[in-house]
Amino acid sequence: MLDITKIRANFPILHQQVNGKPLVYFDNAATSQKPQLVIDSISNYYKTINANIHRGVHTLSQLATNAYEEARKKIQINFNAKYAHEIIFTRGTTESINLISSGFSQLLNKGDEVIISYLEHHSNIVPWQLVCEKSGAVLKVIPINEKGELLMEAFDKLLSDKTKLVAVNHISNTLGTINPVKEIIAKAHQVGAVVLIDGAQAAPHLKVDVQDLDCDFYCVSAHKMYGPTGIGFLYGKEAQLNKIPPYHGGGEMIKTVTFEKTTYAELPHKFEAGTPNIAGGIAFGTAIDYINSIGVENIAQQERSLLVYGTEKLLEIPGLRIYGTSSKKASVISFNIEGIHPYDIGSIIDKLGIAVRTGHHCTQPIMDFYKIPGTVRASFAFYNTKEEIDAMVLAVKKAKQMLS
Ligand SMILES: *Cc1c(COP(=O)(O)O)cnc(C)c1O
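Residues numbered from 1 in each chain as written. Predicted model: local features only at pLDDT ≥ 70, side-chain atom pairs only at ≥ 80, totals over all residues. Heavy atoms only, no water.

A.B. asks: What's the story with the overall build of the chain in this structure? I'm lost.
C.D. replies: Within the chain, the regular secondary structure consists of 14 helices and 17 strands. Compactness check: the chain gives a C-alpha radius of gyration of 22 Å against a globular reference of 22 Å for 404 residues, within 12% of the reference. With the C-alpha coordinates aligned to their principal axes, the bounding extent of the chain is approximately 70 × 55 × 35 Å. Here the chain holds 404 residues, and 54% of them are scored as buried. Long-range contacts, defined as pairs at least 24 residues apart, comprise 71% of the intrachain contacts of the chain with a sequence gap of at least 6. If you sum the accessible surface of the chain, you get close to 17200 Å²; carbon and sulfur atoms cover 54% of it. With 40 positive and 39 negative side-chain charges, the chain shows a spacing of 2 Å between the two charge centroids. (Helix = DSSP H or I, 4+ residues; strand = E, 2+ residues; numbered from the N terminus. Rg over C-alpha atoms; globule rule 2.2 N^0.38 Å. Buried < 20%, exposed > 50% of the residue type's maximum accessible area, 1.4 Å probe, protein only. Contact = heavy atoms within 4.5 Å. Areas by Shrake-Rupley, 256 points an atom, 1.4 Å probe, with all protein chains shown as cover. Lys, Arg positive; Asp, Glu negative; His and termini not counted. Charge placed at Lys NZ, Arg CZ, Asp CG, Glu CD.)

And the structure:
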């Protein structure tokens, strides 16, 4: 068992009062908090080795380059990519998806098909709509059942030799459903389609092995893994990345430039135009070290017990319904109370120090499916406690009393 008191001591932000009450932070699916090690990693970079990378021969530039490349290596090892150059630094999941979708606008033809799912975050819907508009390809959507699980038989029917790409998330940010991505990838490969996995929610909760999954692309944001905002990565199989044209043009991504013709740098630099978020990349590496020092298994176990306890306690409140009831679920609880708008619950419990998210969570199709305007979403990290869940349940009961 983890010593949660010791772990919480690593996160300075957790020890404060909000609206005069101890902060209970249950918005981890939106962004997680940062341990002191990660905060130090950012300031140490600026205090000691700040310089632009890959350019100067001078010592600081070499130190900064080494630290940045070491972070790439940590990501490669942690996610078990075959090569470090298959890890492309981006601003996060959204940019990683857009990098691939904009490349595919040149690779798709009229009548080709792209499959996504009902569970997608808007950032894994809108880029594909844009690409389909440009290329004349058709967007297909895997439906879900009442529990919030993908209907795999319907997926089988959608697949055909027209399918060029399948893009689904590993874990739903709204319902917590853990999707059978390995099966999806294998089936898509049988018809010759490539597969992109939105791993924004899986990376903080599971051990992800991209070679075992056999996905073609995998997208992650550091800020949901206890790292900084504005940094993340795209993993791509070397052969697949080589097929994708450059995303942004500029410095760092070229081999030679003349006005007649420019040739591009090798992977990963081909996709890394301009000065990147150097401090962010290095601190992302520190966040991965931190996670591994705790142990992903230990993290998953603690979150699992919070999910079970939170589900049980919330369901004791009459009129409360939980959305997303798959048996394969991450530590996310989306709920509503009959007759009360989720926003009103969120506002009242915020006054009691409880931070949850309310609204559609960038997944409007899921809200349409359940015919609701939004939900209250409590999402737990391993630094949360059962006592905090008790505080939330008490606050929700109070809100219910006030509003009904
Ligand atoms: C957060 C999230 C995104 C978007 O990530 P950004 O860090 O905002 O780019 C995409 N998909 C899922 C499932 C998410 O949870």
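Having seen the structure, we can now continue with the description.
A.B. asks: Mind showing me how you'd approach unusual backbone geometry here?
C.D. replies: Across the chain, the bulk of peptide bonds are trans and the bulk of non-glycine residues have phi less than zero. Across the junction of Leu267 and Pro268, the peptide omega takes the value 0 degrees, indicating a cis bond. When you line up the elements, Pro268 lands in the loop between strand S12 (262–264) and helix H10 (278–294). We note that Asp214 has phi near 70 degrees; this positive angle belongs to a residue other than glycine. Mapping Asp214 onto the fold places it in the loop between helix H8 (210–213) and strand S9 (217–221). At His361, a position not held by glycine, the phi torsion is positive, near 55 degrees. With respect to the helices and strands, the residue His361 is situated in the loop between strand S16 (357–359) and helix H13 (364–370).

A.B. asks: What is the right way to read the sheet that holds S16 from this model?
C.D. replies: Remark on secondary structure: sheet strands pair via backbone hydrogen bonds, oriented parallel or antiparallel. The strand order S13-S14-S17-S16 describes an open sheet built from four strands, whose pairing is antiparallel. On the outer flanks of this sheet lie strand S13 (320–323) and S16, each paired with one strand and no other. Each strand of the sheet is rotated relative to its neighbour by a mean of 30 degrees, with strand direction disregarded. (Pairing = 2+ DSSP bridges. Axes fitted to C-alpha atoms, helices over the stretch in contact; angles between N-to-C directions.)

A.B. asks: Where do I start with the packing of aromatic side chains in this structure?
C.D. replies: The way to describe two aromatic rings as a pair is by their centre distance and the angle between their planes. Considering all chains together, one arrives at 16 aromatic pairs under this definition. In textbook terms, an aromatic cluster arises when at least three aromatic residues are bridged by ring pairs, as seen for Phe11, Tyr226, Tyr290, Phe382 and Tyr383. (Phe/Tyr/Trp six-rings, centres within 6.5 Å; stacked < 30°, edge-to-face > 60°.)

A.B. asks: Sorry if this is basic, but what is going on with the site of the ligand here?
C.D. replies: Near the ligand the following residues occur: Thr93, Thr94, His121, Ser123, Asn173, Asp198, Ala200, Gln201, Ser221, His223 and Lys224. Contact distances for the ligand include 2.6 Å between an oxygen atom and a side-chain N or O atom of Gln201. Considering the ligand on its own, with 380 Å² of exposed area, one finds that the protein chains cover 85% of that surface. Of the residues contributing to the shell around the ligand, the split by class is one nonpolar, eight polar and two charged. (Near = heavy atom within 4 Å. Polar contact = N/O pair within 3.5 Å; in protein donor to acceptor, adjacent residues only side chain to side chain. Nonpolar A, V, L, I, M, F, W, Y, C, P; charged D, E, K, R; others polar.)

A.B. asks: Help me understand the packing of helix H2 (residues 36–49) against H10, please; the structure alone is not making it clear to me.
C.D. replies: Think of two packed helices as two axes; the pair is described by the angle between the axes and how far apart they sit. Running from N to C, H2 and H10 cross one another at 150 degrees; their axes reach a closest spacing of 8 Å. As H2 packs across H10, the resulting crossing turns out to be right-handed. Where H2 abuts H10, its residues Leu37, Val38, Ser41, Ile42, Tyr45 and Tyr46 lie against Ile278, Ala279, Ile282, Ala283, Thr286, Ala287 and Tyr290. Residues belonging to the contact of H2 with H10 are distributed by class as follows: 11 nonpolar, two polar and no charged. (Left-handed = near helix turned anticlockwise from the far one by under 90°.)

A.B. asks: Looking at this structure, how should I read the nonpolar core?
C.D. replies: Across soluble globular proteins, you tend to see nonpolar side chains buried next to one another. In terms of nonpolar packing, the biggest core is built from 73 residues, with Ile7, Phe79, Val166, Tyr218, Phe284 and Phe382 touching the most fellow members. Broken down by element, the residue count for this core peaks at eight residues, all from H10. Each of domain 1 (4–28 + 295–403) and domain 2 (39–292) gives at least three residues to this core. Dropping the residues within four chain positions of it, Phe284 is found in contact with Ile75, Val220, Ala222, Met225, Pro228, Ile231, Gly232 and Phe233. Core analysis: the next-biggest nonpolar cluster, separate from the first, contains 27 residues, Leu306, Ile340, Ile349 and Val376 among them. (Core = buried A, V, L, I, M, F, W, Y, C linked by side-chain atoms within 4.5 Å. Domains from an automatic or database assignment.)

A.B. asks: Please explain the pairing of strand S6 (residues 138–142) as it appears in this structure.
C.D. replies: Two faces belong to every sheet, and in a regular strand the side chains alternate between them. Strand direction decides the pairing type here: strand S5 (residues 113–117) and S6, joined by five bridges, are parallel. Bridge pairing links Ile116 to Val141 in S6. Following the backbone out of S5, through helix H5 (residues 126–135) and into the adjacent parallel S6, one traces a crossover that is right-handed. (Right-handed = clockwise from strand over helix to strand, strands pointing away.)

A.B. asks: Got a minute to help me understand helix H12 (residues 342–351) in this structure?
C.D. replies: Owing to its 3.6 residues per turn, the α-helix aligns residues three or four sequence positions apart on the same side. Listing the buried residues of H12 in full gives Pro342, Ile345, Gly346, Ile348 and Ile349. The inward-facing, buried residues of H12 contact strand S14 (332–337), strand S15 (354–355), S16, strand S17 (375–379) and helix H14 (386–403). Gly353 sits one or two residues past H12 and shows a positive phi near 90 degrees.

A.B. asks: What am I meant to see in the packing of H12 against H14 here?
C.D. replies: Contact geometry for H12 and H14: axes closest at 9 Å, N-to-C directions at 120 degrees. On the basis of their axis angle, the class for H12 and H14 is oblique. You can see that H12 and H14 cross each other, and the crossing is right-handed. From H12, Asp344, Ile345, Ile348 and Ile349 reach across to H14, where they touch Ala395, Val396, Ala399, Met402 and Leu403. (Parallel < 35°, antiparallel > 145°, perpendicular 65-115°, else oblique.)

A.B. asks: Where do I start with the state of the cysteines in this structure?
C.D. replies: In a disulfide, the sulfur atoms of two cysteines are covalently bonded to one another. One pass over the structure, following the stated rule, counts zero disulfides. Cys215 provides the cysteine sulfur closest to Cys219, a residue in no disulfide bond, and the two sulfurs are 9.0 Å apart. Judged by its relative accessible area of 0%, Cys219 falls in the buried class. The cysteine Cys362 is free of any disulfide, with Cys219 supplying the nearest cysteine sulfur at 16 Å. Look at Cys362 and you get partly exposed, because its relative accessible area is 22%. (Disulfide = S-S within 2.5 Å.)

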